[in-house]
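A structural walkthrough
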Amino acid sequence: MRAVTLCAVVDVDKCKGCTRCERVCPVLAIKVKSKKAVVDVENCLGCANCEQRCPEMAITMVHLEQSRIVQESLAEVDMAAVIDLCRRAHLHPKQIICYCTATRAEEVAAAILKGAKSPEEISRRTGVRTGCKVECIQPVLRLLHAAGITPERPARGYQWYGLTPTVWDIPEEVKKKYAQRGFYFDEDRKLLDSLVGASEKGGR
Amino acid sequence: MLRAPVMPLPPRRSQYGVAPELVRKRAAELPDMVSVLVRDLFPDAAPVIYPGEGGLEVIRTATRKQMEKVDLSMIKPGDSVNVLGSHHGFTLLGGAPYAEMLKTIRDVVRERTGCTDIRLRVGVGLRFRESEEYIKSFGLDEYYEGKAAGVAPVDEGVAIETEIGTLYGIKKIYDARWIIHAHNSDVREVHFHRQVDRAVKPFGMSYARIETRSTYHQNLGPRAANFVARAIFDSPFVQEKFACAIFLMMSPSGVVGVDADNDLYALNDRVTYWGCRDYGKMMTLLGEIDEAITILDFPSPVPYVFAAGVIFANFAGANRDIFDLDDPLPPYTWYTEAFYGEDGRPLIEGVPPVNPAIKVVIHNYAWGGYPSAFFTEHIPTVVVGREQAELLNRDPQNISYTKHALLAEDLDTAVCFAKRVAGTDKILAFDGASGALNISRSLGEYLLQKAPLVSRRVDEELLPKWLKQRGIDPSRFKIC
Ligand code: SF4
Ligand code: SF4
């Protein structure tokens, strides 16, 4: 769930049309048209990625007159399917996967089951990836992968590059090679498995 | 051995914090505050070269001397070299010693190799312009002849093939023939890296794209995650470019030296030994505190505010031995945070609570730019000043930080309220004061009494265990 309180505003005098903002926007809400960046106000989630990366300092974040909430509802979704998808991605449905917005795996799973096919679409529906913009891409890609979806990368964008390994993928020879150096692969896998397998209500 | 409070460095002007003039009073100015030197707590702490009478010249000399040990013959006059830095280096002692080391590295590389295409690339955490601010304020752009840049994890990436699969670095970090890893040994977020491969970690963080950082924080688990950095560093792609590493060696008392090596793992072992020993003592001592009001008062995001070389997040986890790798989960990491359900209770058994000794947190001065709502959800928090609350409300990473916090007009009111509700007069300020803790008299006396036992326990019992878990033979370091 994401409370949207800000929106990006471009100073067209400063904008040089470099497209950096377009390449980093997690919801594709800013586009360069006729060599100037234009914000799609309806879809901007106020994450400030464009403001933070614009080399010309041409973007400022302004308060919206009316804030809004972005959230995927769990009401009309088959919860058994949500739980199953989360577990196939090795995630507990209630596990937080985006620390800034406290988005839980189940919300992203619901968005996928309701038709979202890319990280950008998922972000537009849930707000995930619009806080720090850094830490939550992998669980999103894992859930898409578990749903059998191979998303398409935004053309020329830097939004994301690809799925990376998990503790369930570490080769045995790597585990053996580094066993004496403080890497607790199997123990951590056990910990994460216990989370994935925990009941919906928690472990108490 | 309690002294007058050490005045912390002044607030820093930054887009991530309120304007310095809005920080109207520092914790060190409160009545009854005193200071205890790290050296008075732990007389065997490693001697400090900075701060000291020699000023920054000492850093320059130490960097030059250490760099004499490293082979730079692989760098040819026509080559390009990227000196890789990290924003955290600039939060240490005001940033000047780290900046001085970065300047000296450039001079030495130029003198010894004849190479003129030397660039500085400084990685960031979650505040993408922070490095740019430091580059400007320390004149590094001019020093590197316009070739200094802050790089962010959302910048253009490069795929790196590793032993465990494809991971992603930041293209601009690796766009030179050679790279020099210029970091520091402060253990800061030991709750994440658990002092495993500390010297290697920036390859999985400061120099890495979002995919890699997300792998570290989401895909592997709290103790296996450190392998991400090693996997990248060991890749043929990085090994082919790696020239050497130069570290500002930190301790809770200040800069203890500079260390340099062509072998990063040899340097890593030294960092591990000293980190476990000196920071281990300070963190174990914090774990002895039974109750305290904590004041955040330093230009860094909430978990990263400093006191005697350690950070608030370390205190939030001090109810457990966060160096002990047999303990799966510290009281605070993002893995821990992810494991709490909507009702605020853990989803699985065995999730340690946030340090119950922290009765109230007073947010007198700390930045946004790091998801910190976990702290206000778990610890009663009073934010000082509307401007500060507004700063966090505007921060996309902290939309719900103030939802669980109270607001006070000024620091005195906040402290008065905190003392009343917490029923304690023990105060610990995380204000970055150098080589000392600024604390209330009652807490100072308490810590002086506890420190000798802690020191002995770390030396005799904990340090050998911590080093064994990390595959390090302590006898190699006994002469130090
Ligand atoms: S990043 Fe800045 S300069 Fe570049 S197109 Fe966007 S607004 Fe314009
Ligand atoms: S990057 Fe963020 S702030 Fe900028 S347009 Fe996109 S959603 Fe809005």
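To be clear, the structure that these remarks concern was listed above.
Position labels on residues start from 1 in each chain and follow its written sequence. Chains and ligands are labelled by the order in which they are written, letters from A for the one and numbers from 1 for the other. Residues qualify for local features only when their pLDDT is at least 70, as the model is predicted, and side-chain atom pairs are given and counted only at 80 or more; totals for whole chains, interfaces and linings, by contrast, use all residues. The basis for the side-chain values is all heavy atoms of the structure; hydrogens and waters are excluded.

Looking at the interface of chain B and chain A
When the parts of a complex come together, some accessible area is lost, and that lost area is often used as the size of the interface. Residue contacts are defined here by distance: any two heavy atoms, one from each residue, within 4.5 Å place the two residues in contact. Contact with chain B, which involves 72 residues of that partner, is made by 68 residues of chain A. Regarding the contact of chain B and chain A, the summed buried area is about 6,000 Å², with carbon and sulfur atoms giving 53% of it. Among the residues chain B hides against chain A, the three largest losses belong to Arg-129, Gln-218 and Leu-347 of chain B. Together they make up 12% of the total. Every case where a carboxyl oxygen of Asp or Glu lies within 4 Å of a side-chain nitrogen of Lys or Arg is listed as a salt bridge. Remark: the boundary between chain B and chain A carries seven salt bridges. Among the ionic pairs, Arg-20 of chain A bridges to Asp-155 of chain B, the shortest N-O distance being 3.9 Å. Nitrogen and oxygen atoms within 3.5 Å of one another constitute a polar contact, given that in protein one can donate a hydrogen and the other can accept it, and given that sequence-neighbouring residues count only through two side-chain atoms. Remark: the boundary between chain B and chain A carries 37 residue pairs in polar contact (both at pLDDT 80 or more). Secondary structure elements are taken from DSSP: a helix is a run of H or I of four residues or more, a strand is a run of E of two residues or more, and numbering for both begins at the N terminus. Tallying contributions element by element places helix 7 (residues 210-219) of chain B first for the side of chain B that touches chain A, with eight residues. Residues belonging to the side of chain B that touches chain A are distributed by class as follows: 31 nonpolar, 18 polar and 23 charged. Two parts placed together each lose some accessible area under a 1.4 Å probe, and the buried area is that loss summed for both. Polar here means any residue outside two lists: the nonpolar Ala, Val, Leu, Ile, Met, Phe, Trp, Tyr, Cys and Pro, and the charged Asp, Glu, Lys and Arg; Gly therefore counts as polar.

As for the pairing of strand 3 (residues 117-123) of chain B
All names here are of chain B. The buried label applies to any residue whose accessible area, calculated with a 1.4 Å probe on protein chains only, is under 20% of its type's maximum; exposed applies above 50%, and partly exposed to all values in between. Of all seven residues making up strand 3, six are buried, and the element is well covered by its neighbours. When the strands point away from the viewer and the path from the first strand over the helix to the second turns clockwise, the crossover is right-handed. In this fold, strand 2 (residues 80-86) hands off to helix 3 (residues 96-113), which returns the chain to strand 3; that crossover is right-handed. Paired strands are those between which DSSP finds at least two bridges. Direction of pairing for strand 3 relative to strand 4 (residues 148-151): parallel, over a ladder of four bridges. The partner of Leu-120 across the bridge, within strand 4, is Ala-148.

Quick word on a nonpolar patch on the surface
Residue and element names in this part refer to chain B. Excluding any residue in a salt bridge, patches collect residues exceeding 30% relative accessible area, merging like charges within 9 Å and nonpolar Val, Leu, Ile, Met, Phe, Trp and Tyr side chains within 5 Å. Exposure was quantified through the Shrake-Rupley algorithm and a 1.4 Å probe, taking into account, for residues, occlusion by the shown protein chains and nothing else. On the surface, Leu-406, Phe-417 and Val-421 cluster together into a nonpolar patch covering about 260 Å² of accessible area. Of note, Leu-406 is situated in strand 15 (residues 405-408). By relative accessible area, which is 48% here, Leu-406 ends up partly exposed.

Structural notes on the nonpolar core
Core analysis: the biggest nonpolar cluster contains 184 residues, and Tyr-174, Phe-203, Phe-312, Phe-339 and Leu-437 of chain B have the highest contact counts within it. Apart from the residues lying within four places of it in its own chain, the contact partners of Leu-437 of chain B are Val-34, Ser-35, Val-36, Leu-41, Met-282, Ala-307, Ala-308, Leu-428 and Leu-447 of chain B. We call a set of buried Ala, Val, Leu, Ile, Met, Phe, Trp, Tyr and Cys residues a nonpolar core when their side-chain atoms join them within 4.5 Å. With 23 residues, the next largest nonpolar core counts Val-77, Leu-91, Ala-105 and Ala-109 of chain A among its residues.

Observations regarding the packing of aromatic side chains
Residue and element names in this part refer to chain B. In this scheme Phe, Tyr and Trp rings, the latter by its six-membered ring, pair at centre separations within 6.5 Å, and the angle between planes marks the pair as stacked below 30 degrees, edge-to-face above 60, and tilted otherwise. Within this structure, the stated rule accounts for 30 aromatic pairs over all chains. Considering the side-chain rings of Phe-233 and Tyr-265, the 5.7 Å spacing of their centres and the 85° angle between planes classify their relative orientation as edge-to-face. Linking Phe-233 in helix 8 (residues 227-234) with Tyr-265 in helix 10 (residues 264-288), this pair joins segments that are 32 residues apart in sequence. For Phe-233, a relative accessible area of 3% gives the class buried. Note on Phe-312 and Phe-375: the rings are 5.4 Å apart at their centroids and 50° apart in plane angle, and the pair reads as tilted.

What about the site of ligand 2?
Taken together, 13 residues form the shell around ligand 2, and within it Cys-25, Cys-44, Cys-47, Ala-48 and Cys-50 of chain A come nearest. Along the lines of polarity and charge, the residues of the shell around ligand 2 split into 11 nonpolar, two polar and no charged. Any residue with a non-hydrogen atom lying within 4 Å of a molecule or strand is treated as near it.

Things to note about the sheet that holds strand 10 (residues 292-301) of chain B
Residues and elements named next belong to chain B. Across the sheet, which stays open at both edges, the seven strands sit in the order 1-17-16-10-13-14-15 with mixed pairing between neighbours. Each end of this open sheet is capped by a strand with a single partner; those strands are strand 1 (33-37) and strand 15. Within this sheet the neighbouring strands show an average axis-to-axis angle of 25°, counted without direction. With four bridges connecting them, strand 10 and strand 16 (residues 427-430) associate as parallel partners. Counterpart to Ile-295 in the pairing with strand 16 is Ala-429. As a rule, the C-alpha atoms of each element are fitted with a line to give its axis, helices using only the stretch in contact, and angles between N-to-C directions run from 0 to 180 degrees. Set on the sheet, helix 14 (residues 386-393) makes contact with strand 13 (358-367), strand 14 (381-384) and strand 15; between it and strand 13 the angle comes to about 80°. Across the sheet, helix 15 (residues 411-422) is in contact with strand 10, strand 13, strand 14, strand 15 and strand 16; its angle to strand 13 comes to roughly 165°.

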